Amino acid sequence: MTAPTIHELFDLTGRVALVTGGARNLGFDIATALAEAGADVAITSRQIEDARVTARRITADTARKVVGLACDVRFEDQVAQMVDAVLAEFGKIDILVNNAGNVVSTPENKPLEQRPIEEWEFTVDVNMKGVFLCSKHVVAKAMKPARRGAIINLGSVAGMVGKDHRVYAGTPMGGVTIDYAASKGGVIAMTREMACALAQYNIRVNCISPGGFWRGHSETFTRQYSALVPMGRMGQDGKEIKGAAVFLASEAASYITGINLPVDGGMTAW
Ligand SMILES: NC(=O)c1ccc[n+]([C@@H]2O[C@H](COP(=O)([O-])OP(=O)(O)OC[C@H]3O[C@@H](n4cnc5c(N)ncnc54)[C@H](OP(=O)(O)O)[C@@H]3O)[C@@H](O)[C@H]2O)c1
């Protein structure tokens, strides 16, 4: 038997991927990348119409089967129903991307001493409980029975390093929040724990930790954030997240589990 070529190793033809929060931004880019690599894809949004519209768009762009489903990842009954629906549609789930996340609870980004407990609970629920619930149901119903799977969690540089919030002074975003940093640090830790527990079932679990990706941020914020990055700029949606996702989902990463891959222009390298 000849060894697979590098094209074959990255090829996702015949795979089924589930991308939570896949209707927009990084989740959309990742879902598109997986479809471009050959996978059929299910994407979720809290708004069913958003998921369906984006699913049709990805199908039009890639000619893959893509379905849009509703799910709020904070609620186990919704996660269970959503996973059941994906299995009813496709019969299996090979790849799970836990992308759904709450980035900033409030636009004004209150300092620690003014933050209400509700904001902490909301962010931690979406970012950590969501990863837990989606992984739990996909592993139990699809990956463990199949003895095969790749899970990719979305962490963040905020879960790896702290920030000097004076750098963000005067910008509309004001820097990341304590709840967000805690939740993403938790996601990175969950990745390691899940990887060790699930390796025996041939399920790989890895994390991608993006740095700041530019999306209409103000000039001031962009300049001040970019000064923190060795490459001197923010990430660009689409092309700069797609490769990491396809790599970790594919056979090209068959001996990689438990890692956290920063996609951050070197932000966490110094
Ligand atoms: N963009 C960055 O610079 C950056 C940096 C570091 C890490 N990340 C991480 O990368 C992931 C994607 O980031 P993004 O910038 O694309 O985020 P985004 O634009 O805010 O999109 C977040 C996605 O999560 C979904 N979502 C939010 N709350 C949800 C809930 N309770 N249940 C289900 N889905 C929910 C949203 O879906 P609907 O609104 O359609 O329901 C949306 O698709 C997140 O985990 C984020 O923390 C992003």
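Residues numbered from 1 in each chain as written. Predicted model: local features only at pLDDT ≥ 70, side-chain atom pairs only at ≥ 80, totals over all residues. Heavy atoms only, no water.

Comments concerning helix H2 (residues 25-36)
Okay, so step 1: For H2, which comprises twelve residues, the first-to-last C-alpha distance of 16 Å matches the rise-based estimate of 16 Å (1.5 Å per residue) to within 8%.
Okay, so step 2: With ten of twelve residues buried, H2 lies mostly within the body of the structure.
Okay, so step 3: Immediately beyond the C-terminal end of H2, within one or two residues, lies Gly38, with a positive phi of roughly 115°. (Helix = DSSP H or I, 4+ residues; strand = E, 2+ residues; numbered from the N terminus. Expected span 1.5 Å × (residues − 1). Buried < 20%, exposed > 50% of the residue type's maximum accessible area, 1.4 Å probe, protein only.)

Focus: helix H5 (residues 117-146)
Okay, so step 1: With 30 residues, H5 extends 40 Å from end C-alpha to end C-alpha; this agrees with the ideal 44 Å at 1.5 Å per step.
Okay, so step 2: Taken as a whole, H5 carries its principal kink of about 55° at Val139.
Okay, so step 3: At the C-terminal side of H5, Arg147 shows a positive phi close to 50°. (Bend = angle between axes of the 7 residues up to and from the residue.)

A short note on a nonpolar patch on the surface
Okay, so step 1: A cluster of nonpolar side chains, contributed by Leu112, Ile117, Trp120 and Ile178, occupies part of the molecular surface with about 390 Å² of accessible area.
Okay, so step 2: When you line up the elements, Trp120 lands in helix H5.
Okay, so step 3: Assessed through its relative accessible area of 35%, Trp120 is described here as partly exposed. (Patch = residues over 30% accessible without salt bridge, like charges linked within 9 Å, V, L, I, M, F, W, Y side chains within 5 Å. Areas by Shrake-Rupley, 256 points an atom, 1.4 Å probe, with all protein chains shown as cover. Salt bridge = Lys/Arg side-chain N within 4 Å of Asp/Glu carboxyl O.)

A look at the site of the ligand
Okay, so step 1: Of all residues adjacent to the ligand, which total 26 residues, the nearest are Arg24, Asn25, Ser45, Arg46 and Tyr180.
Okay, so step 2: In this structure, Gly101 approaches the ligand through a main-chain N or O atom, which is 3.1 Å from an oxygen atom.
Okay, so step 3: Contact between the ligand and Gly211: an oxygen atom at 3.3 Å from a main-chain N or O atom of the residue.
Okay, so step 4: If the ligand stood free it would expose 890 Å²; the protein chains cover 93% of that surface.
Okay, so step 5: Taken together, the elements giving at least two residues each to the shell around the ligand come down to H2 and helix H6 (178-198). (Near = heavy atom within 4 Å. Polar contact = N/O pair within 3.5 Å; in protein donor to acceptor, adjacent residues only side chain to side chain.)

Let's talk about the sheet that holds strand S1 (residues 16-19)
Okay, so step 1: With parallel pairing, the seven strands of this open sheet are ordered in space as S3-S2-S1-S4-S5-S6-S9. The two strands at the open ends of the sheet, each matched to only one other strand, are strand S3 (66-70) and strand S9 (260-263). Within this sheet the neighbouring strands show an average axis-to-axis angle of 20°, counted without direction.
Okay, so step 2: In this structure, strand S5 (residues 149-154) lies alongside strand S6 (residues 203-210), joined through six bridges in parallel fashion. From the neighbouring strand, Leu154 faces S6, where its bridge partner is Ile208. (Pairing = 2+ DSSP bridges. Axes fitted to C-alpha atoms, helices over the stretch in contact; angles between N-to-C directions.)

Quick word on the pairing of S5
Okay, so step 1: Among the six residues that make up S5, six are buried, leaving the element largely enclosed by the rest of the structure.
Okay, so step 2: The two faces of S5 match: Gly149, Ile151 and Asn153 on one face and Ala150, Ile152 and Leu154 on the other face are all buried.
Okay, so step 3: Here four bridges tie strand S4 (residues 95-98) to S5, and the two strands are oriented parallel to one another. Following the sheet pairing, Leu96 is matched in S5 by Ile151.

Some words on the packing of aromatic side chains
The description of an aromatic ring pair rests on the distance of the ring centres and on the angle between the ring planes.
Okay, so step 1: The full count for this structure, using the stated rule, is two aromatic pairs.
Okay, so step 2: Sitting over the face of the ring of Phe90, Lys65 holds its NZ or CZ atom 5.0 Å from the ring centroid. (Phe/Tyr/Trp six-rings, centres within 6.5 Å; stacked < 30°, edge-to-face > 60°. Lys NZ or Arg CZ within 6 Å of the ring centre and 35° of its normal.)

Topic: the environment of Leu12
Okay, so step 1: Mapped onto the elements, Leu12 comes out in the loop between helix H1 (6-10) and S1.
Okay, so step 2: Sequence-wise, Leu12 and Asp40 are 28 residues apart; in three dimensions their C-alpha atoms are separated by 8.7 Å.
Okay, so step 3: If we ignore the near neighbours within four places in the chain, the residues touching Leu12 are Leu34, Ala37, Gly38, Ala39, Ile95, Val246, Ala249 and Ser250. (Contact = heavy atoms within 4.5 Å.)

Some thoughts on the pattern of salt bridges
Okay, so step 1: Counting across every chain of the model gives 13 salt bridges.
Okay, so step 2: As a salt-bridge pair, Glu89 and Lys65 come within 3.0 Å of each other at their nearest N and O atoms. In this pair, Glu89 sits in helix H4 (residues 76-90) while Lys65 sits in the loop between helix H3 (48-62) and S3, placing the two residues 24 residues apart along the sequence.
Okay, so step 3: Judged by its relative accessible area of 36%, Lys65 is partly exposed.
Okay, so step 4: Residues Lys92 and Asp94 are paired through a salt bridge, measuring 3.2 Å at the closest nitrogen-oxygen approach.
Okay, so step 5: On the basis of relative accessible area, Lys92 is assigned to the partly exposed category, the value being 32%.
Okay, so step 6: A cluster of three or more residues bridged by salt bridges with shared partners is formed by Lys92, Asp94 and Arg148.

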